[in-house]
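# Observations on the model geometry
Residues per chain are reported as follows:
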Amino acid sequence: MTGILETRDLCHDFNGLKVLTHIQFSVQPGERHAIIGPNGAGKTTFFNLVTGVYTPASGRILFKDVDVTKAKPYRLTRMGLGRSFQITSIFQRQTPFQNIRLAILSKNRIRFNLFVRVDRMNAINEQTNEILQEIQLADEAHLPTSTLSYGKQRSLDLGMALATAPDLLLFDEPTAGMSRDESHSAVELIRKLTEGKTMVIVEHDMDVVFSLADRITVLHRGEILATGTPYEIQENDAVKKAYLGESEV
Amino acid sequence: MIARITPPAWTRWVLPGIAAAILLGYPLVFGTVYTNIFIHFAIFAVFAASLNMLVSYTGLLSFGHALFFGGGAYATALALENIPGMGLFPAIFTGGLAGAAFALIVSPLLNRVRDTAFALLTLALGQLAYMACIKLRDITHGEDGVGGFPIPDLSIPGVVSVSMVPAQNFYYLAIVILGICLLLMWFLTKTPFGSIMIGIRDNPQRVDFLGFNIPLTKCLIFTLSGFFAGIAGSVYALFNNLVTPDGVFHIMTSFTPIMMVYVGGIGTFAGPIAGSGLMTIIEEIATRYTTQLVLFNGILLVLVVMFFRTGFVGLYLLLKQKLFEKESSR
Ligand SMILES: Nc1ncnc2c1ncn2[C@@H]1O[C@H](COP(=O)(O)OP(=O)(O)OP(=O)(O)O)[C@@H](O)[C@H]1O
Ligand SMILES: [Mg+2]
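A brief report on the enclosed structure follows. In this text the structure is predicted, and so the values were computed from the model without any measurement.

### Considerations on the overall build of chain B
- The helix and strand tally for chain B stands at 14 helices and four strands.
- Principal-axis analysis of the C-alpha atoms places the extent of chain B at approximately 70 × 50 × 45 Å.
- Taking the intrachain contacts of chain B between residues at least 6 apart in sequence as the baseline, contacts between residues at least 24 apart amount to 76%.
- Carbon and sulfur atoms make up 71% of the accessible area of chain B, which amounts to about 16,400 Å² in all.
- Mean positive and mean negative side-chain charge positions of chain B (16 and 13 charges, respectively) differ by 16 Å.

Shown next, in the form of structure tokens:
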């Protein structure tokens, strides 16, 4: 049985520095998969390979049974991949409404329309407002994005990934840099927004991981140390050793 | 929320109506010299606005926009020189198409670079066009340029035929063509495509991840920008009845619209239009009373870069805001 996302023997290095080696990764439809691992383990690099930011040194990537090893990000997005970023990636100089509207335009495959005023496209603007409601930014919809709190900006980043209605969501540390309260409400938001959706989430906070994921992959120095249910991972000796080893240093 | 009183619909047409009346009456009131100055302003307003599509709306600084302006100017001049019976509008359209074609041809190259490299590449391409224009004597007549080509009448067969040689007649043609160009470019910024352009300016990575093909999108932006620059060049050719390498392909031809964008106000649509107006006025005054136009332009650019980063439009908005705030605090 092949998953919605598969990697075969995926390897990558930066000018000889091996960052990922022989990654065999698989996500089944409906799965909620967490990737954990210490800083520099290669989690973001893995996302960057899968989403087409880098072309892997070797190995293959399959998304929905299509070889996407060399596909560019925009292709993958059109195929149904959504991604949020560890470092917030939004349009700071525009309003949240304009941010989300761009995603909605893409979802509706409006890419070369030079003939209609975008503010008169009622269906587009309605869909935009729906997403803003969902990510709880309706009140701030028309303020400059740069004036929003960090937590709200992170929500907008999530919203942009969701707005294209992807079949697979990749979240790279969605709670990174948040205060405890912000982090708590972000997790609740993610839980609500991704209900029934297939998701891969990179996260450091174990409470978040255990509350959101039904499968966990542990990445360590560019290798997969273990994959399994949260319980299996908690009981895994290699994982325990690696994590204990880390904390001793 | 404060309830706003919406003025009746007809009031929306008051300002455009006044503007149209001024534009219509202008050549009658001011005579040939000022009419020609206005045409010059309008040509460069369109040229600068076409550059502004890249600078303010896509975040790309081109140092070689003369390539498209000159391409359009030469295409129109050569078409009129070599094709007997070439009509007025086909000649102008040829200029626009030439600008667009040049842009389309170089866009695969331009797509490979960003930021400083983009600026340098456009500079190089502009210089290449300048040199090619001088060297390709057989076609372009080298440094002499193409001049004295026939200017077709504006004619609708069997209805009217108006000579475009008198400045007043040409004025009406020029402001209609150039006005339509400005309107189209302005409209473009309001369309979904305009939103994508602004997205590329602010965060290309995210635009890519939203599912937009950036190289293809930029390709179209370059082509459209080249088209409007080409139209401006074409009207320039008709206006002067002469195109030379130094007149349309020279590096100063690339710098002029950049200055207009900065002086008028980067990041706004009206900026380059205001910039063209201001610089045309300065040019007139400076060349009438002194021989130091370049010095005046230099000082102006220094002042803008050091003190008024937002340019003339920015200054205007600031003043408006100041006045408005005073009013509301009373
Ligand atoms: N573009 C790059 N060029 C060179 N080295 C890089 C590059 N990106 C990442 N690395 C290196 O690759 C390794 C893995 O980085 P990566 O960002 O994938 O880790 P991560 O697991 O996401 O860590 P974190 O938890 O800190 O986000 C690190 O040693 C990092 O320094
Ligand atoms: Mg990371």
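### Structural notes on the coordination of the magnesium ion (ligand 2)
All names here are of chain A.
- Within the protein, T44 (OG1) and Q86 (OE1) serve as the donor atoms for the magnesium ion (ligand 2), at 1.9 to 2.1 Å. Placement of the pair is T44 in helix α1 (residues 43-50) and Q86 in the loop between β6 (81-84) and α3 (96-107), with a sequence separation of 42 residues.
- On the basis of relative accessible area, T44 is assigned to the partly exposed category, the value being 26%.

### So, the site of ligand 1
Residues and elements named next belong to chain A.
- Taken together, 13 residues surround ligand 1, and among them N39, K43, T44, T45 and Q86 come closest.
- Residue A41 places a main-chain N or O atom 3.2 Å away from an oxygen atom belonging to ligand 1.
- Here Y54 contributes a side-chain N or O atom positioned 3.3 Å from a nitrogen atom of ligand 1.
- When isolated, ligand 1 has an accessible area of 640 Å², and the protein chains bury 63% of it.
- The greatest single-element share of the shell around ligand 1, amounting to three residues, is contributed by α1.
- Across the shell around ligand 1, the residue classes break down as four nonpolar, seven polar and two charged.

### Things to note about helix α9 (residues 214-240) of chain B
Residue and element names in this part refer to chain B.
- Its 27 residues place the ends of α9 38 Å apart at the C-alpha level, agreeing with the 39 Å of an ideal helix rising 1.5 Å per residue.
- Here α9 lies mainly inside the structure; 22 of its 27 residues are buried.
- Residue N213 occupies the N-cap position of α9, its side-chain oxygen lying 3.3 Å from the main-chain nitrogen of L216.
- Looking at the residues trailing α9, positive phi occurs at N241, about 55°.

### With respect to the environment of L278 of chain B
Residue and element names in this part refer to chain B.
- In this structure, L278 sits in helix α12 (residues 271-289).
- Note: C-alpha distance between L278 and G233 (45 residues apart in sequence) is 20 Å.
- Excluding its chain neighbours within four sequence positions, the residues that come into contact with L278 are V263 and F312.

### Looking at the pattern of salt bridges
- Taken as a whole, this structure holds 10 salt bridges over all chains when the rule is applied.
- Note that E140 of chain A and K152 of chain A form a salt bridge whose closest N and O atoms lie 3.1 Å from each other. Linking E140 of chain A in the loop between α4 (122-134) and α5 (150-163) with K152 of chain A in helix α5, this pair joins segments that are 12 residues apart in sequence.
- Residue K152 of chain A is classed as partly exposed on the basis of its relative accessible area, which comes to 29%.
- The partner of R288 of chain B in a salt bridge is E284 of chain B, with the nearest N and O atoms 3.6 Å apart.

### Comments concerning the interface of chain A and chain B
- Taken residue by residue, the interface counts 33 residues in chain A and 27 residues in chain B.
- Taken together, both faces of the contact between chain A and chain B bury some 2,700 Å²; the carbon and sulfur share is 64%.
- Between chain A and chain B we count two salt bridges in total.
- Across the pair R206 of chain B and D157 of chain A runs a salt bridge, and its minimum N-O distance is 2.5 Å.
- Counting across the interface, chain A meets chain B through 14 residue pairs in polar contact (both at pLDDT 80 or more).
- For the side of chain A that touches chain B, the secondary structure elements donating two or more residues are α2 (73-79), β6, α3 and α5 of chain A.
- Here the side of chain A that touches chain B takes five residues from α3 of chain A, the largest share from any one element.
- For the side of chain A that touches chain B, the class distribution of residues is 18 nonpolar, eight polar and seven charged.

### Quick notes on the sheet that holds strand β8 (residues 198-202) of chain A
All names here are of chain A.
- Spatially, six strands are ordered β6-β7-β8-β3-β9-β10 in an open sheet, and the strand pairing comes out mixed. The open sheet has two edge strands with one neighbour each: β6 and β10 (223-228). Averaged over all neighbouring strand pairs, the angle between strand axes comes to 15°, with direction disregarded.
- Across four bridges, the pairing between strand β3 (residues 32-36) and β8 is parallel. Residue pairing in the sheet places H33 in a bridge with V200 of β8.

### Quick look at a nonpolar patch on the surface
Residue and element names in this part refer to chain B.
- Taken together, L295, F296, I299, V302, L303, V305, M306, F307, F308, L315, L318 and L319 make up a surface patch of nonpolar side chains, about 1,100 Å² in accessible area.
- Those elements that provide at least two residues to the nonpolar patch are α13 (293-307) and α14 (311-329).
- In terms of residue count, α13 provides more of the nonpolar patch than any other element does, eight residues in total.
- Residue placement: F308 occurs in the loop between α13 and α14.
- A residue is classified by how much of its surface remains accessible, and F308, at 35% relative accessible area, is partly exposed.

### Some words on the sheet that holds strand β1 (residues 5-14) of chain A
Residues and elements named next belong to chain A.
- The four strands are arranged β2-β1-β4-β5 in an open sheet whose pairing can be described as antiparallel. With partners counted over all chains shown, the strands left at the sheet margins are β2 (17-27) and β5 (66-67), one partner each.
- The sheet contact formed by β1 and strand β4 (residues 58-63) spans five bridges and is antiparallel. Bridge pairing in β4 links L5 to F63.

### A few points about the pairing of strand β9 (residues 215-220) of chain A
All names here are of chain A.
- In terms of burial, β9 is largely enclosed, as five of its six residues are buried.
- Two strands pair when backbone bridges link them, and β3 and β9 are joined in this way by four bridges, in the parallel orientation. Residue H33 lies in a different strand from β9, and its bridge partner there is R215.
- The pairing of β9 with β10 spans five bridges and is classified as antiparallel. Across the sheet, residue I216 finds its bridge partner in β10, namely G228.
- With antiparallel pairing between neighbouring strands as the criterion, β9 and β10 make up a hairpin whose turn holds two residues, including R221 at a positive phi of roughly 50°.

Rules of the game
Residues numbered from 1 in each chain as written. Chains lettered and ligands numbered in written order. Predicted model: local features only at pLDDT ≥ 70, side-chain atom pairs only at ≥ 80, totals over all residues. Heavy atoms only, no water. Helix = DSSP H or I, 4+ residues; strand = E, 2+ residues; numbered from the N terminus. Contact = heavy atoms within 4.5 Å. Areas by Shrake-Rupley, 256 points an atom, 1.4 Å probe, with all protein chains shown as cover. Lys, Arg positive; Asp, Glu negative; His and termini not counted. Charge placed at Lys NZ, Arg CZ, Asp CG, Glu CD. Donors = N, O, S within 2.8 Å, 3.2 Å for Na, K, Ca; no water. Buried < 20%, exposed > 50% of the residue type's maximum accessible area, 1.4 Å probe, protein only. Near = heavy atom within 4 Å. Polar contact = N/O pair within 3.5 Å; in protein donor to acceptor, adjacent residues only side chain to side chain. Nonpolar A, V, L, I, M, F, W, Y, C, P; charged D, E, K, R; others polar. Expected span 1.5 Å × (residues − 1). Salt bridge = Lys/Arg side-chain N within 4 Å of Asp/Glu carboxyl O. Buried area = accessible area lost by both parts, 1.4 Å probe. Pairing = 2+ DSSP bridges. Axes fitted to C-alpha atoms, helices over the stretch in contact; angles between N-to-C directions. Patch = residues over 30% accessible without salt bridge, like charges linked within 9 Å, V, L, I, M, F, W, Y side chains within 5 Å.

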